[in-house]
Amino acid sequence: MQAIDAAASASLEGLIDLSRYPINQLDSDAGKALVEQCRQQLNEDGCVVLKNFVPQEALEVLERETERLSPDAHYNQTETNPYNNAGDETRPASHPLNRFDDRTNGFVAGDRIDHDTILRQVYQNPDFQRFVASVVGMDEIHPYADPLADLVVNVLREGCQHPWHYDTNQFIVTMMTRRSHGGGTFEYVPGIRNPESENFEQVQQVLDGDHSRVRSLDLQPGDLQVFFGRYSLHRVTPVQGERERHTVIFAYASEPGFIGRPERAQRIFGRMAPIHERLLAEGMQRSDKLVD
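Once a new chain begins, its residue numbering starts again from 1 and follows that chain's sequence as written. A pLDDT threshold of at least 70 governs which residues receive local features in this predicted model, and a stricter bar of 80 or more applies before side-chain atom pairs are shown or counted, although totals over entire chains, interfaces and linings include all residues. In computing side-chain properties, one takes all heavy atoms of the structure into account and sets aside hydrogens as well as water.

1. Digging into the overall build of the protein chain
Runs of E in the DSSP output that reach at least two residues are strands. Runs of H or I that reach at least four are helices, and both are numbered from the N terminus. Within the protein chain one finds eight helices and 15 strands. Both definitions apply: the radius of gyration is a C-alpha atom measure, and the globule rule equals 2.2 Å times residues to the power 0.38. Here the C-alpha radius of gyration of the protein chain, 19 Å, is about what a compact globule of 292 residues would show, namely 19 Å. Projected onto the principal axes, the alpha-carbon positions of the protein chain cover approximately 60 × 45 × 45 Å. Counting only residues that meet the buried cut, the protein chain has 51% of its 292 residues in that class. Throughout, a residue-residue contact means that at least one pair of heavy atoms, one from each residue, lies within 4.5 Å. Restricting to contacts in the protein chain with at least 6 residues of sequence separation, those with at least 24 account for 82%. For the protein chain, the accessible surface area stands at approximately 14200 Å², while carbon and sulfur atoms represent 44% of it. Charged residues are defined narrowly, with Lys and Arg counted positive, Asp and Glu counted negative, and His plus the chain ends left uncounted. Where a charge sits is defined by one atom per residue type, namely NZ (Lys), CZ (Arg), CG (Asp) or CD (Glu). Separation between the mean location of the 29 positive side-chain charges and that of the 45 negative ones in the protein chain comes to 2 Å. Think of it in three bands: residues with accessible area under 20% of the maximum for their type are buried, residues over 50% are exposed, and the middle band is partly exposed, with areas taken using a 1.4 Å probe on protein chains only. Methods summary: accessible areas were calculated by the Shrake-Rupley approach with a probe of 1.4 Å, and residue burial reflects only the protein chains presented.

2. Comments concerning the side chain of Asp150
Locating Asp150 in the fold gives a position in the loop between strand S4 (142-143) and strand S5 (151-156). Think of a polar contact as two N or O atoms within 3.5 Å of one another; within protein, one of them needs to be a possible hydrogen donor and the other a possible acceptor, and neighboring residues in sequence only count if both atoms come from side chains. At 3.1 Å, the side chain of Asp150 and the side chain of Arg120 are in polar contact. Leaving out residues up to four positions away in the same chain, Asp150 has contacts with Gly110, Arg120, Tyr123, Tyr144, Ile249, Phe250 and Ala251.

3. Observations regarding the pattern of salt bridges
We count a salt bridge whenever a side-chain nitrogen from Lys or Arg sits within 4 Å of a carboxyl oxygen from Asp or Glu. Inspection of the entire model under this criterion finds 13 salt bridges. Between Lys51 and Asp223 there is a salt bridge, and its shortest N-O distance comes to 2.5 Å. Remark: Asp223 occurs in the loop between strand S10 (215-217) and strand S11 (224-227) and Lys51 occurs in the loop between strand S1 (47-50) and helix H3 (56-69); sequence separation between them is 172 residues.

4. What about the packing of helix H2 (residues 29-45) against helix H5 (residues 126-136)?
Fitted lines through C-alpha atoms give the axes, limited to the stretch in contact for helices. The angle between two N-to-C directions lies from 0 to 180 degrees. Viewed as axis vectors pointing N to C, H2 and H5 meet at an angle of 45 degrees, and their least axial separation amounts to 8 Å. By the angle between their directions, the pair H2 and H5 is classed as oblique. Crossing geometry of H2 relative to H5 is assigned as right-handed. On H5, the residues touching Leu34, Val35, Cys38, Arg39 and Leu42 of H2 are Phe131, Ser134 and Val135. The nonpolar class holds Ala, Val, Leu, Ile, Met, Phe, Trp, Tyr, Cys and Pro. Asp, Glu, Lys and Arg form the charged class, and all remaining residues, Gly among them, are polar. For the contact of H2 with H5, the class distribution of residues is six nonpolar, one polar and one charged. Convention used here: angles under 35 degrees read as roughly parallel, angles over 145 as roughly antiparallel, angles from 65 to 115 as roughly perpendicular, and any remaining angle as oblique. Left-handed describes a crossing in which the near helix is turned anticlockwise from the far one by less than a right angle; the clockwise case is right-handed.

5. Side note on the state of the cysteines
Our working definition of a disulfide is a cysteine sulfur pair at a distance within 2.5 Å. In this structure the tally under the stated criterion is zero disulfides. Cysteine Cys47 remains unbridged, with the sulfur of Cys38 as its closest cysteine sulfur at 11 Å.

6. Quick notes on the environment of Pro147
Along the chain, the position of Pro147 falls in the loop between S4 and S5. Separated by 134 residues in the primary sequence, Pro147 and Ala281 place their C-alpha atoms 18 Å from one another. Beyond its immediate stretch of four places on either side in the chain, Pro147 contacts Gly110, Asp111, Ala273 and Ile275.

7. A short note on the nonpolar core
Ile23, Phe53, Phe128, Phe131 and Phe250 are the most contacted members of the largest nonpolar core, which has 76 residues in total. Here the element with the most residues in this core is H5; it accounts for six residues. Those residues within four positions of Phe250 in sequence are excluded, and the remaining contacts are Leu119, Val122, Tyr123, Phe128, Asp150, Leu151, Val173, Thr174, Met175 and Leu224. In this text, buried Ala, Val, Leu, Ile, Met, Phe, Trp, Tyr and Cys residues form a nonpolar core when linked through side-chain atoms within 4.5 Å.

8. So, the sheet that holds strand S12 (residues 233-236)
Any two strands with at least two DSSP bridges between them are considered paired. Here four strands make up an open sheet; going across it, the order is S6-S12-S9-S10 and the pairing antiparallel. Strands with a single pairing partner mark the edges of an open sheet, and in this sheet they are strand S6 (162-165) and S10. Direction aside, the axes of adjacent strands within the sheet are offset by 15 degrees on average. With three bridges connecting them, strand S9 (residues 186-189) and S10 associate as antiparallel partners. The residue bridging Tyr188 from the neighbouring strand is Arg215, located in S10.

9. A short note on helix H7 (residues 262-269)
Among the residues of H7, those classed as buried are Pro262, Ala265, Ile268 and Phe269. The buried residues of H7 occupy an angular sector of 140 degrees when projected down its axis, which confines them to one face. On the buried face of H7, the contacting elements are strand S2 (74-80), strand S3 (101-108), S5 and helix H8 (274-282). Count one or two residues on from H7 and you reach Gly270, which has phi positive near 75 degrees. Taking the helix axis as origin, the arc is that swept by the directions to the C-beta atoms.

10. Digging into the packing of aromatic side chains
The criterion for an aromatic pair is that two Phe, Tyr or Trp rings (for Trp, the six-membered ring) have centres within 6.5 Å, with stacked assigned to planes under 30 degrees apart, edge-to-face to planes over 60 apart and tilted to the rest. For the structure on display, the rule yields twelve aromatic pairs. Ring geometry for Tyr21 versus Phe53: centroids 5.4 Å apart, planes at 40 degrees, classification tilted. A residue pair is termed long-range when its members are at least 10 positions apart, and Tyr21 in the loop between helix H1 (6-11) and H2 and Phe53 in the loop between S1 and H3 qualify at 32 residues. Across this residue pair, the class does not change: Tyr21 and Phe53 are buried. Pairing Tyr83 with Tyr166 gives two aromatic rings, centres 5.5 Å apart and planes at 40 degrees, and the pair type is tilted.

11. Side note on the pairing of S3
The buried count for S3 comes to seven of eight residues, which makes it a mostly enclosed element. In the sheet, S2 pairs with S3 via seven bridges, with the strands oriented antiparallel. Within S3, the position partnered with Gln77 by the bridge is Thr104. For S3 and S5, the ladder comprises three bridges, and the chain directions are antiparallel. Note that in S5 the partner of Val108 across the bridge is Val153.

Next comes the structure, spelled out in structure tokens:
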């Protein structure tokens, strides 16, 4: 693929299939129809997948980028329940709060991803950000100010998995760039809980093997996924085979200046950036009440 100049990257020309997904023309009839279609699907099941969002030529470059970056992934292994907390000793062992499973993930931190990569050109593009904001129903979104967690590559090698869990953030935007030989399937149960009810009984049924409500996505390299994981239980099944599974995570916040918690950076990336060390020394203060 030929080098992409600044003007082309600013317009996303060649990086995204703009004829199919006119995210640079959201005020046009086609742009409005695209946003409405995405919003409707999100409202129905909390997830929308835009197939072949990236043209094949750009996708080949993306795969080479994540393959080059993957050796920098820091792996962390832990036992976790769906709620990412310590559990509840007052409840039985079969309760969802006390159901722990292995979570092994590799993450390439954002400061390893150069500004001239397609990954970062898409992440920082105003049209792409405006599109994501429109889809999730926000006036605007902002890139993380966190130098480690803004743009991340998730690397799952053989045996790695992300067991059943919920997200603490409102939405997540991801794009697969490399598929494993086997496993690595994204599964979810849309809207199994809500702000008024954890619905532990049905969550336990899923954990016990009742998959009647579970949906599986046949994600392919180049597909863009926008997912509301706050109320939808979801997981990535164990990866099989020697071929790694690579997924790009585009992290945005509803307000500017968002920095992840220092302890989270240490756990996920194996280190902290200077901003995290300063926050650790000064104390963490936020204008929001989000838990990372």
